[in-house]
Amino acid sequence: MYNIKSPKAEEFIDHAEILESMEYARSNKSNRQLLEAILQKATEGKGLLHREAATLLECELPDINERVFELARQLKERLYGKRIVMFAPLYLSNYCVNGCIYCPYHAKNKQMPRKKLTQEEIRQEVIALQDMGHKRLALESGEHPNTPIEYILESIKTIYDIKHRNGAIRRVNVNIAATTVENYRKLKNAGIGTYILFQETYHKEHYEQLHPTGPKSNYAYHTEAMDRAMEAGIDDVGLGVLFGLSNYLYDFIGLLMHAEHLEAACGVGPHTISVPRICPADDVDVSDFTNAVPDEIFHKLVAVIRLSVPYTGMIVSTRESQQSREAVLKLGISQISGGSHTTVGGYQVDAPQAETAQFSVSDHRALDEVVGWLLDKGYIPSFCTACYRQGRTGDRFMTLVKTGEIANCCGPNALITLEEYLQDYASPEVKAKGQKLIEAELKYIPNEKVKQKATEFVRSIEKGERDFRF
């Protein structure tokens, strides 16, 4: 039975509730009066319940759908402005004991060379990422006895300790397998940012078919991981499904139910939601997955998620092409990766880029190209990590966002960290574009004292000083 506050996965992600919500959405997809009421609620910027959101997602009325997209654009602009946070993944190891049939890391794949980075190799990877201009990383690793929590903790310490020229990784987010409360406490004490774990699919039967062997095959343990992470004090967690593994409407509803559960049971919803789609990889053929999501549906998924959880950051990776990323940036995406490699050791010069890749990258542009592209589109590439470093996480962060006070933090911090990037790493062309944008955007900071201080920080960065934040 559905129980939003239950600690049990099969109660807060209740199969019957999802099926009923799917039927409700399909039965009301042309109910104009209901759809208008849901849109009106969305306009208030306080979110939608999973059944309301599913009804909008299923809607086939062209004028209502256009309003969904337009409202998503408006909410994105209202809450996040023009800021787009930049990050890169760092793959530590592709050893894995799980049997996930959609991932080339699965244990039965004997074609893939296996590699685990040493601490010195991690150091070289991080220096390469710093030399691009990155300040925020997402650690990735397969699940295997030779990559225990102690290895992850040592790797985090190595990353934070590296200071190369003006470079520094100021925040490490972690995407590793579901683990214990004790291990989550260790990650918390190591100073991680967001703990990220994709559910892959919320359909229990499909989940078990897709994960036939290994620790990840335990649906309940995996699905309840975020509750354990929050119990351990990690109040910024990141959800996601791999769209295309199962019916997209089912997983969309499950994703929002999970967000609602965290809000109800833990006091704060997810800090981020990622929206990857199944894509080609070594030993994985996309044609084997009949639920693949086309662009039109993908764009609408992003838009309706933005309406449903307006204060949650949304992430799209280099799985998506430049064209696809450009489309969804307008509809709700607030974080993107740039200059990414999905191989273990992939940031080294002349490193093989296919042998150990988890999935194919569709956007191959260097970070500087991505930054220049964002500037051309009117966005502000942000390398900010201030909220983590100032303790603005969990409900403290959400309070700032919901009251609008975040505008006096995130906006100025985006400009300050962009100025750092321009001074230290940008090409001359990108530097000129970025500085022109910064001078224009400084004028729009609402608080006069913050505006004055931000301008002072920018000038100090131009003189060689670094690491200012609000």
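The structure presented is a predicted model; accordingly, all values stated were derived computationally and were not measured.

A. Seen up close, the overall build of the protein. Summing up its helical and strand segments, the protein has 20 helices and 11 strands in all. The principal-axis extent of the C-alpha atoms belonging to the protein is close to 60 × 55 × 40 Å. For the protein, with 470 residues in total, the buried portion stands at 60%. Excluding contacts between residues fewer than 6 apart, the proportion of contacts in the protein whose partners are at least 24 apart in sequence is 74%. Looking at the protein as shown, the accessible area adds up to about 18500 Å², and 50% of this sits on carbon and sulfur atoms. Of the charged side chains in the protein, 56 are positive and 63 negative; the average position of the first set lies 6 Å away from that of the second.

B. How the structure looks around the pairing of strand β5 (residues 171-175). Along β5, 5 of the 5 residues are buried, which leaves the element largely enclosed by surrounding structure. Of the two faces of β5, the one holding R171, N173 and N175 and the one holding V172 and V174 are both buried throughout. Where strand β2 (residues 136-141) meets β5, 5 bridges bridge the pair, whose relative direction is parallel. Counterpart to L139 in the pairing with β5 is V174.

C. Quick look at the nonpolar core. Core analysis: the largest hydrophobic core is formed by 148 residues, its most contacted members being L56, F252 and I336. Among the elements that make up this core, the one with the highest residue count is helix α12 (residues 248-266) (9 residues). Not counting residues up to four positions away in its chain, the partners in contact with I336 are I84, V85, M86, F87, V316, R325, L329, V370, W373 and L374.

D. How the structure looks around helix α20 (residues 448-462). With 15 residues, α20 should reach 21 Å at 1.5 Å per residue; the first-to-last C-alpha distance of 21 Å fits that figure. Regarding α20, the residues found buried are V450, K451, A454, F457, V458, S460 and I461. Buried residues belonging to α20 abut α18 (410-424) and α19 (428-442). Two or three places before K449, at the start of α20, stands the capping residue N447, its side-chain oxygen 2.9 Å from that residue's backbone nitrogen. Positive phi appears at G464, one or two residues downstream of α20, with a value of about 110°.

E. Here's a closer look at the side chain of E140. Mapped onto the secondary structure, E140 falls in strand β2. Nearest to the buried, unbridged E140 among oppositely charged side chains is R319, at 8.6 Å. For E140, the side chain forms a polar contact with the side chain of N175, separated by 3.0 Å.

F. Molecular detail of the packing of aromatic side chains. This structure, assessed with the given rule, holds 7 aromatic pairs. Taken together, a centroid distance of 6.5 Å and an interplanar angle of 85° make the contact between Y91 and Y105 edge-to-face. Of this pair, Y91 sits in strand β1 (residues 83-93) while Y105 sits in the loop between β1 and α6 (119-132), placing them 14 residues apart in sequence. With respect to class, Y91 is no different from Y105; both count as buried. By way of ring pairs, the aromatic residues F383, Y421 and Y425 are connected into one cluster. Positioned over the ring face of Y24 is R51, at 5.5 Å from the centre of the ring.

G. Main features of the packing of helix α15 (residues 367-376) against α19. In contact at an axis separation of 10 Å, α15 and α19 are set at 40° when each is read in the N-to-C sense. It follows from the interaxial angle that α15 and α19 lie oblique. Crossing of α15 against α19: the hand is left-handed. Contacts from D368, V371, G372, L375 and D376 of α15 reach α19 at V430, K433, G434 and L437.

H. How the structure looks around helix α14 (residues 322-329). S324, R325, V328 and L329 are the residues of α14 that are buried. Along the axis of α14, the buried residues cluster in a sector spanning 135°; they form a single face. Residues of α14 that are buried sit in contact with α5 (62-80), β1, α13 (295-308), β9 (313-316), β10 (335-337) and α15.

I. Structural detail: the pairing of β2. Burial analysis of β2 places 6 of its 6 residues in the buried class, which makes it a mostly covered element. Burial of the side chains of β2 extends over both faces: R136, A138 and E140 are buried on one face and L137, L139 and S141 on the other. For the segment spanning β1, α6 and β2, crossover handedness is right-handed.

About the cut-offs
- The residue count restarts for each chain, going from 1 along the sequence in the order it is written.
- Local features are withheld for residues below a pLDDT of 70 in this predicted model, meaning they are given only at 70 or higher, and side-chain atom pairs are given and counted only at 80 or more; totals for whole chains, interfaces and linings count all residues.
- Side-chain measures here rest on the full set of heavy atoms in the structure, leaving out hydrogens and waters.
- Helix and strand definitions follow DSSP, with helices as H or I runs of at least four residues and strands as E runs of at least two, each counted in order from the N terminus.
- Working definition: with a 1.4 Å probe on protein chains only, accessible area under 20% of the residue-type maximum means buried, over 50% means exposed, and in between means partly exposed.
- The contact criterion used is simple: two residues touch if any of their non-hydrogen atoms lie within 4.5 Å.
- Reported accessibility uses the Shrake-Rupley method at a 1.4 Å probe radius. Residues are deemed covered only where the shown protein chains occlude them.
- Counted as positive: Lys and Arg. Counted as negative: Asp and Glu. His and the chain ends are not counted at all.
- For charged residues, the charge sits on one atom: NZ in Lys, CZ in Arg, CG in Asp, CD in Glu.
- Here, any two strands with at least 2 DSSP bridges between them count as paired.
- In these notes, a set of buried Ala, Val, Leu, Ile, Met, Phe, Trp, Tyr and Cys residues joined through side-chain atoms within 4.5 Å is what counts as a nonpolar core.
- Between the first and last residue of a helix there are one fewer steps than residues, each counted as 1.5 Å, and that sum is the expected span.
- Polar contacts, as counted here, are pairs of nitrogen or oxygen atoms within 3.5 Å of one another; within protein the pair requires one atom able to donate a hydrogen and one able to accept it, and residues that are adjacent in sequence qualify only if both atoms are side-chain atoms.
- Throughout this description, the term salt bridge denotes a Lys or Arg side-chain nitrogen within 4 Å of a carboxyl oxygen of Asp or Glu.
- Any pair of Phe, Tyr and Trp rings, taking the six-membered ring for Trp, is counted once the centres come within 6.5 Å. Such a pair is stacked with planes under 30 degrees apart, edge-to-face with planes over 60 apart, and tilted for the rest.
- Sitting over a ring, as applied to charges here, requires NZ of Lys or CZ of Arg to be within 6 Å of the ring centre and within 35 degrees of the ring normal.
- Throughout, an axis means a line fitted to C-alpha atoms (over the contacting stretch in the case of helices), and angles, computed between N-to-C directions, take values from 0 to 180 degrees.
- By definition in this entry, angles of less than 35 degrees are roughly parallel, angles greater than 145 are roughly antiparallel, angles of 65 to 115 are roughly perpendicular, and the rest are oblique.
- The sense of a crossing depends on the near helix, which, turned anticlockwise from the far helix by less than a right angle, makes the crossing left-handed and, turned clockwise, makes it right-handed.
- Note that the arc is defined by the directions from the helix axis to the C-beta atoms.
- Crossover handedness is defined by viewing with both strands directed away from the observer: a clockwise path from the first strand over the helix to the second marks the crossover as right-handed.

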